[in-house]
Amino acid sequence: MNNNLANIKKSIFFLNKNECVAIPTETVYGLAANAYSSKSVKKIYSLKKRPRNNPSIVHYSNLNQLKKDCEINKNFLILYKKFCPGPLTFVLKLKKKSRISRIVTNNKKTVAVRFPKNKLTQKLLKLLKYPLAAPSANISTKISPVSKDDVKEEFGNKIKFILDGGRSKIGLESTIISLVNKPRILRLGGIERTKINKVLNKNIKYDRTNKKITVPGQSKLHYSPGIPIKLNTLKPKNNEAFILIKKRKKSYKNYYYLSKTKNLKQAAKNLYKILRMVKNKNYKSIVVERIPNIGFGEVINERLKRASAK
Ligand code: TXA
Ligand code: MG
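A quick note: this is a predicted structure, and the numbers were derived from the prediction, not measured.

Draft legend 1. Examining the site of ligand 1 more closely. Among the 27 residues in the neighbourhood of ligand 1, the closest are listed as Thr-27, Arg-50, Asn-54, His-59 and Ser-174. Between an oxygen atom of ligand 1 and a side-chain N or O atom of Thr-27, the distance comes to 2.6 Å. Note that an oxygen atom of ligand 1 is positioned 3.0 Å from one of the side-chain N or O atoms of Ser-136. Here ligand 1 has 680 Å² of accessible area as a free molecule, and 98% of this is covered by the chains. Elements with a minimum of two residues in the shell around ligand 1: strand 3 (57-59), strand 5 (110-114) and strand 9 (184-187). Broken down by element, the residue count for the shell around ligand 1 peaks at four residues, all from strand 5. When grouped by side-chain class, the residues that make up the shell around ligand 1 number 12 nonpolar, 10 polar and five charged.

What follows is the structure, given as structure tokens:
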């Protein structure tokens, strides 16, 4: 048996025992548990110190499995065909006979679902008899993990097993779109919203301020390295870490580059890795140069704004 298969089997062993396992996805690592078991899902919330009113995303390997739990519609099918598996999460209506634990949905009539792209996690999902609820595998409000070591840093030996699928390719969370009523983007992420607009042939609103629904991470502070961050800065002071979008001719040891050539996708991939690295070097504060507010730049700016909230 090869190593990967052995590790998938180990994951199944723990999940079947109602334990949590960290799983790799193309966006960030998730802390996963049986979405049909309240006993299992409660463990995610206590490990992450996550408020119970923040619902989790359910991960599926195929459409038939998903159809048992939620209602799909035309927009869903269009987006599914184009982007799945991939970094797009859908908020859909829950079916009455759905078996998803009410802890996952926080008793709502809707559920967030997605089809992750990482091969190991796809294989794991295929072999399980239930979908996996999985928020990002970090302590609530902290930086999301993009590698096995990051997950270890968050939880130490408090979790039973980490399925190592290498570094996350996208490096930040999925885009969330609600298809319950009129399509609305609830969180910017791994799929640029211009791409979604193009496929649906309309301008989808980005609406994270709607008070009637729980929107991703209602608390202002999120994705935080735990030290102050200042945006749109030209120069650092002494002892500040300086995060830049493009490599400089003259560099200093407190300079950290999101990309060499102002490649925004690359920068998105490196964002959490660099925030975590800087945090671990014991800087007291971080300043970031201005990042163009387009495409993935918009996603990076949104994450940095939340990470710098007081
Ligand atoms: O890329 C990702 O989406 C990663 C990987 C592991 O899949 N997961 C992730 O989960 O980012 P989490 O829990 O960190 O963020 C999911 C967000 C939460 O902030 C929650 O508010 C929102 O999804 N959410 C979940 N169910 C919802 C629902 N029914 N309506 C609106 N928002 C919902
Ligand atoms: Mg999260």
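Draft legend 2. Examining unusual backbone geometry more closely. Of the consecutive residues Cys-84 and Pro-85, the connecting peptide bond is found in the cis state with omega at -5°. Its place among the elements puts Pro-85 in the loop between helix 4 (74-83) and strand 4 (88-93). Within the chain, Asn-201 stands out as a residue other than glycine whose phi angle is a positive 60°. Within the secondary structure layout, Asn-201 lies in the loop between helix 8 (193-200) and strand 10 (205-206). The residue Asn-239 is not glycine, and still its phi comes out positive at about 70°. In this structure, Asn-239 sits in the loop between strand 11 (229-230) and strand 12 (240-244).

Draft legend 3. Up close: the pairing of strand 2 (residues 30-34). Counting buried residues in strand 2 gives five out of five residues, a clear majority hidden from the surface. Strand direction decides the pairing type here: strand 1 (residues 21-23) and strand 2, joined by three bridges, are antiparallel. Bridge assignment links Val-21 to a residue of strand 2, and that residue is Ala-32. Linking strand 1 to strand 2, which pair antiparallel, is a turn of six residues. Note: strand 2 against strand 6 (residues 132-133), two bridges, orientation antiparallel. For Ala-33, the partnering residue across the bridge sits in strand 6 and is Ala-133.

Reading the values: rules and limits
Residues numbered from 1 in each chain as written. Chains lettered and ligands numbered in written order. Predicted model: local features only at pLDDT ≥ 70, side-chain atom pairs only at ≥ 80, totals over all residues. Heavy atoms only, no water. Near = heavy atom within 4 Å. Polar contact = N/O pair within 3.5 Å; in protein donor to acceptor, adjacent residues only side chain to side chain. Areas by Shrake-Rupley, 256 points an atom, 1.4 Å probe, with all protein chains shown as cover. Helix = DSSP H or I, 4+ residues; strand = E, 2+ residues; numbered from the N terminus. Nonpolar A, V, L, I, M, F, W, Y, C, P; charged D, E, K, R; others polar. Buried < 20%, exposed > 50% of the residue type's maximum accessible area, 1.4 Å probe, protein only. Pairing = 2+ DSSP bridges.

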